[in-house]
Amino acid sequence: MSNTVIPLQRRKFAQTTRQDGWWIQPLAIFLGLSAFIVYANWAAFQGEHYHWGPYLSPFYSPELFGDSPHSMFGARPSWLPAWVSPALLILWAPAGFRLTCYYYRGAYYKSFWGDPPACAVGELRNGYRGENKLPLIMQNLHRYFLYLALIFLLVLAYDAWKGMWFKDAVTGEVSFGVGIGTLVLITNVCLLGGYTLGCHSLRHLVGGRLDEMSNSPVCQKAYSCVSCFNARHMLFAWLSLVWVAFSDVYIRLCSMGVLSDWRLF
Amino acid sequence: MATATFRIWRGNKEGGKFQDYTTEVSEGMVVLDAVLRIQAEKANDLAVRWNCKAGKCGSCSAEINGIPKLMCMTRLSELSLDLPVIIEPMQSFPSIKDLVTDVSWNFEVKKKIKKFSPRKADASDGTWRMAQNDVNRVQEFRKCIECFLCQNVCHVLRDHHLHNEFIGPRFFVYSANLEMNPLDTQDRLEQLKDTQGIGYCNITKCCTKVCPESITITDNAIIPLKERVADEFYDPLKKLIRLFRKKK
C-alpha cells in the first residue's frame, strides 16, 4: 500500500453539512432492535406459556428438553439449572445468525456504535479496527450460523405442519384443521425462509464462489434464486424479526387465556 | 428570473471558509451550471474540476448539502432552494483549491493491485470463449466512472484516514471485476486481506448509496470478496479439507 501522508481534518461526532433527517433511520433501527432484544430476552427467560394446542413458539423451537408435547428428548433433566428455559438452550443459534448477518452488521454498527452514525456524518471514536481483529473477526463465521439456521428453518416448517393437526380435548382424536395460529406459524416460516435464503453466505456457497457458473447450471439457477431474495434481504430481515416476536406473543396470549385461537376449519 | 444562494467552500490545503453567492437559476439547471455561472459572473478564481457534464467522466464530484454527488447530475429541482445550497469538496482527499481535491492517491493504489492475467487461449487463433452469464456478473463493475464518491463517503478513509491500510470501495470493485473474471488466473485474496484491508469494511453500504452508476458495490463486490477471503483464511472446516487434500 501507498505510504503517502494524506493531510485531512477529522470531523467531530455528528458533524455534517447534511440537511436531511439523517438521524431518523439509525434511531428507528436502534429502537426497533432494542425493543426486539428486550422482548426476546424476557420471553426466553419465562419458560412458560410458550405452547398452546398444536402450536409452539418459534423462540422455543426446537424444544430439546421440556414439559410440553413438543419436547424432542423428553422432560428437562435434573442437572439443568431451573433458570435455563428451553429457549435459552437453542436461541444462541438464530441470535448468532442475525448478529453476524451482513445486513444487521451494517445496521447495528451505525445505530448502536455510531461507526459511522450515518453516511457522511462524523464519528464518535478516533480508533477503528473494523473486522480485522478479535472480537469482530469472528463475524467471518457467519456461514456456520447459516448452516444452523437452515436446520432451524426445517424445524420451524415442521412446527407449522404440526400446527395443522388439532387434538380433540374430549376424544383425543387428531384431525386436520387451520387456525389463526397455523397461519401465524406458516407466515413465520415463509418470512424466515425469505430471510435465510437471501443470506450473502448462502449466495456465495451456492454459486458466488465460482468464476464460471455456466459450467454448473444447478449452481447458476440456485445463485439467481438466492440473489433474488438477497436483493430484498433487509426487508425480509425486518419482516421475519417482527413476525417471530409476534408469533411468540400470539401463542403466549392463547396459552395465558387472553386470546382464543379462531379455528378457520 | 428566480435566484438562489450557493454556499461554496473557498480555500486550499491551509484552510478556508464558506462564501455565499447568489445567482439566477432557471428550470433544468444542475448544480454545476450554477457553479459555472458563479465562476463566470462573480468569482473568476473559483476552482472547479469538470469535463463531460453528462455523468460519465467522474470529474465534478463534490458534496452537495453534505451528500457526495456529481455536480453535473444533481438538478436544482431536487434541492430546496429556500436555504443556501452548500457545496464543498470531497472530504477524503486533500484540498488543492476550492472544490478541487487531489485524488492521485487512488491512482497509486490501483497500480498495486495484481493485474489481469488470463489463462492460456482457448482457441488456436489466440482467442478465449466465455459464457454470457459469467460475463454479466462482472459487467456491472465495469460501469465505474472513477468519480471516487464511494471512496469519499467511506468512513474508513473519511473519518479514520486509513489510506495506508485500506484501498476503499472503488478498488474492491476493481478487484472483484478481476477476481471474478472467468479468464483470470491471479489470486488476490491474500493481498485483499493483508495489505488492502478488506476487513476494515463494516458494510455501512454508504458507497452503494452514493454511486452515480448504481453499482451494487457492497452486496455484489465487497461481500462476495469478504466471503472468498473467509473461505481461504477464516473457515476452519475448509482449512481442514485443504489439509487432507494436500496430504493425499
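Residues numbered from 1 in each chain as written. Chains lettered and ligands numbered in written order. Predicted model: local features only at pLDDT ≥ 70, side-chain atom pairs only at ≥ 80, totals over all residues. Heavy atoms only, no water.

Draft legend 1. Structural context of the side chain of Ser95 of chain B. Residue and element names in this part refer to chain B. Within the element layout of this structure, Ser95 appears in strand 6 (residues 95-97). By relative accessible area, which is 17% here, Ser95 ends up buried. When neighbours within four sequence positions are excluded, Ser95 is seen to be in contact with Trp9, Gly11, Asn12, Lys13, Val100 and Thr101. (Helix = DSSP H or I, 4+ residues; strand = E, 2+ residues; numbered from the N terminus. Buried < 20%, exposed > 50% of the residue type's maximum accessible area, 1.4 Å probe, protein only. Contact = heavy atoms within 4.5 Å.)

Draft legend 2. Molecular detail of the confidence of the model for chain B. Taken residue by residue, chain B gives an average pLDDT of 96. The fraction at 70 or more is 100%. Both confidence scores are given for the complex: pTM 0.95, ipTM 0.94. (pLDDT = per-residue confidence, 0-100.)

Draft legend 3. Representation of the interface of chain B and chain A within the structure. Across the contact, 62 residues belong to chain B and 54 residues belong to chain A. In this assembly, chain B and chain A are joined by 7 salt bridges. Across the pair Glu227 of chain B and Arg143 of chain A runs a salt bridge, and its minimum N-O distance is 2.9 Å. Counting the contacts that link chain B with chain A gives 33 residue pairs in polar contact (both at pLDDT 80 or more). (Salt bridge = Lys/Arg side-chain N within 4 Å of Asp/Glu carboxyl O. Polar contact = N/O pair within 3.5 Å; in protein donor to acceptor, adjacent residues only side chain to side chain.)

Draft legend 4. Representation of the pairing of strand 2 (residues 15-24) of chain B. Residues and elements named next belong to chain B. Across 10 bridges, the pairing between strand 1 (residues 3-12) and strand 2 is antiparallel. Bridge pairing in strand 2 links Ala4 to Thr23. Between strand 1 and the antiparallel strand that follows it, strand 2, lie 2 residues. (Pairing = 2+ DSSP bridges.)

Draft legend 5. Molecular detail of the packing of aromatic side chains. Tallied over the entire structure, the rule returns 31 aromatic pairs over all chains. On the numbers, 6.2 Å between centres and 40° between planes, the contact of Phe176 of chain A with Phe265 of chain A is tilted. Here Phe176 of chain A, found in strand 4 (residues 174-176), pairs with Phe265 of chain A, found in the segment after helix 9 (233-256); they are 89 residues apart in sequence, far enough to count as distant. Residue classification places Phe176 of chain A among the partly exposed positions, given a relative accessible area of 41%. The ring of Tyr223 of chain A has Arg137 of chain B sitting right over it, with the charged end atom 5.5 Å from the ring centre. Here the basic side chain of Lys193 of chain B rests over the ring of Phe233 of chain B, its NZ or CZ set 4.8 Å away from the ring centre. (Phe/Tyr/Trp six-rings, centres within 6.5 Å; stacked < 30°, edge-to-face > 60°. Lys NZ or Arg CZ within 6 Å of the ring centre and 35° of its normal.)

Draft legend 6. Layout of the state of the cysteines. Enumeration over the complete set of coordinates arrives at 1 disulfide over all chains. A sulfur-sulfur separation of 2.0 Å characterises the disulfide bridge that pairs Cys119 of chain A with Cys206 of chain B. Measuring the twist about the S-S bond at about -90°, one finds the Cys119 of chain A-Cys206 of chain B disulfide to be left-handed. Note that Cys119 of chain A is positioned in the loop between helix 4 (102-111) and helix 5 (142-162) and Cys206 of chain B in helix 8 (residues 206-210), a pairing that runs across two chains. (Disulfide = S-S within 2.5 Å.)

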